[in-house]
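# Descriptive structure summary
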Amino acid sequence: MRSSLLILLLCAGCAARVVTPVPAPAPAPAPAQAASATPPVETPAATPPAQATAPAPGEPQQGTPPVSTSGAPAAMPSPAEVAAVVTAAAVRENPCPVEAEEEEDEATAATDDEGVSEEGEMQAPLAPAAPAGPLYTADLSDEALTEAWKKDPSTLGSMSIGFVESGRQLNSVRVPDDKDWLVVSPEIAYGTQETVDYVAAAIHAVRAQYPNAPTLRVNRLSTKDGGYLRPHKSHQNGRDVDLGFYYPTAEPVRERERERYIDVAMNWALVRSLVVNTDVQMILVDKRVQKVLYDYALSIGEDKAWLDSLFNAGFNSLIKHARRHRDHFHVRFFNGRAQELGRRVAPLLALQPDQNLMMYKVRNGDTLGGIAMRHNSSVVAIKKANRMRNTFLSIGRRLVIPLKGPCTHCPIPPPVQLPPRRMPPQTQAPALVNTAPAASGKLPNPCTPAAPAPTPVAVPTGVPSGLSTAR
């Protein structure tokens, strides 16, 4: 009986050693088993290296790289291969990805939320750049521009220098008083000639459509010379303007939910006029106001694809959401001539000492003396240019720095290229034949964008072409 029990124990031990990939140290054998069950022990020197570390087939040993059947280490999957697998899985999960909309909390908004940067105008070093598109100051050669700048810069007209978040303007124009609008703060109602003309054209178009429209409140543009306008991040080079909403009466509503009280028809007419009649770059307004305008425009028969290009095109949308913009439109215009003049004049600023200025944003650790030394200026000149009574600085403040010589590292915008205006599609005349194919009866693919409006066979004389080339 005792011998049978020993045989069973020995067989169990052999089976355990066969299936275990990494042999564990065996317990000390019993005296009765030592002579018959313990195999001969080989020294490490006598064990071949490949056999000493090779695990059981299909079970890589912990801490060592996987080993292929040929004896060479197996290649790990590259990051690109991993990304491809993850992307394929995501496409299977959701074949029509939708851009997630980040929920914004007004309670955590900053002092000013006009943080939409200057799109398409990346800051570039001060270097000559050849314009890739039309030159909106082609009437002025380099020699004529230099001569006019040296003799009398006022003859050149309005200039938008630098960027909307770090710039200034020259030869600005104040928004005039008019029966169709109310200038709320005349001292900060200065912009370029193009901006002022665009604002007037858009508002006059609304009054032509609605003769009984109340006066519109024109709020802030820029100061006469531009530069930082507290608390805004932009409004610095004459291309931004805040326009109030149209209400049933001339008296503005002070309620929080302005979209419930505005005159939707007149406000849509204003937005449409800005899009059609001006070179608008973007319109910032709260998304709740956007929804009211979008639904109204759709209800009166505006083309849905065109509306989506304005409201729902993501980064390319012309109308964008911004917090703290539930009571006004923030409108930014392209200024072909003013921007191009500002870009071309940048290397000539040193020829006019009074205009040889740069904008500087105060950073942590800055002192007035250090800023003056780095930019070849003086403490007295900086204090005078910024109307400072002491030398205390606050982080984030933008200073005007008078320069004693040409600035070789000041960023300037690239050449200006105006995009075509986003005109609504043509309204098809009743007598024209619609060449659109008959409906197939199949449901549209949700991943496929909406097809453009069908092109009519004939266009009656006098109908505009749809894209404005007049600037």
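Residues numbered from 1 in each chain as written. Predicted model: local features only at pLDDT ≥ 70, side-chain atom pairs only at ≥ 80, totals over all residues. Heavy atoms only, no water.

A separate point is the packing of helix α8 (residues 287–299) against helix α9 (residues 304–311). Axis separation between α8 and α9 bottoms out at 10 Å; the angle between their running directions is 165°. Compared by their axis directions, α8 and α9 come out roughly antiparallel. The handedness of the crossing between α8 and α9 comes out as right-handed. When α8 is examined against α9, the residues Q290, L293, Y294, A297 and L298 are found in contact with a partner set consisting of K304, L307, D308 and F311. Residues belonging to the contact of α8 with α9 are distributed by class as follows: six nonpolar, one polar and two charged. (Axes fitted to C-alpha atoms, helices over the stretch in contact; angles between N-to-C directions. Helix = DSSP H or I, 4+ residues; strand = E, 2+ residues; numbered from the N terminus. Parallel < 35°, antiparallel > 145°, perpendicular 65-115°, else oblique. Left-handed = near helix turned anticlockwise from the far one by under 90°. Contact = heavy atoms within 4.5 Å. Nonpolar A, V, L, I, M, F, W, Y, C, P; charged D, E, K, R; others polar.)

Time to look at the confidence of the model for the protein chain. Summarising the model, the protein chain shows a mean pLDDT of 72, and 62% of its residues fall at 70 or more. Segment residues 82–115 is flagged for pLDDT under 50; beyond a separation of four residues in sequence, or across chains, it makes 39 contacts in the model. Residue range residues 427–471 is modelled with pLDDT below 50. Its contacts to residues more than four positions away, or to other chains, number 30 contacts. (pLDDT = per-residue confidence, 0-100.)

Our focus in this paragraph is the pattern of salt bridges. Here the structure, examined in full by the defined rule, presents 16 salt bridges. Salt-bridge contacts for D177 lead to R174; the nearest nitrogen and oxygen are separated by 3.6 Å. Judged by relative accessible area, R174 falls into the partly exposed class, the value being 26%. Two residues, E257 and R260, come together in a salt bridge whose shortest N-O distance is 2.9 Å. By relative accessible area, E257 is classed as partly exposed at 32%. Residue class for R260 comes out exposed when judged on its relative accessible area of 61%. One salt-bridge network, in which partners are shared between bridges, spans K179, D180 and R207. (Salt bridge = Lys/Arg side-chain N within 4 Å of Asp/Glu carboxyl O. Buried < 20%, exposed > 50% of the residue type's maximum accessible area, 1.4 Å probe, protein only.)

Turning to the packing of helix α5 (residues 142–151) against helix α10 (residues 336–345), a few remarks are in order. The N-to-C vectors of α5 and α10 enclose an angle of 85°; their axes lie 11 Å apart at closest approach. Considering their axes alone, α5 and α10 lie roughly perpendicular with respect to each other. Of the residues in α10, those in contact with D142, L145 and W149 of α5 are L341, R344 and V345. For the contact of α5 with α10, a count of residues per class yields four nonpolar, no polar and two charged.

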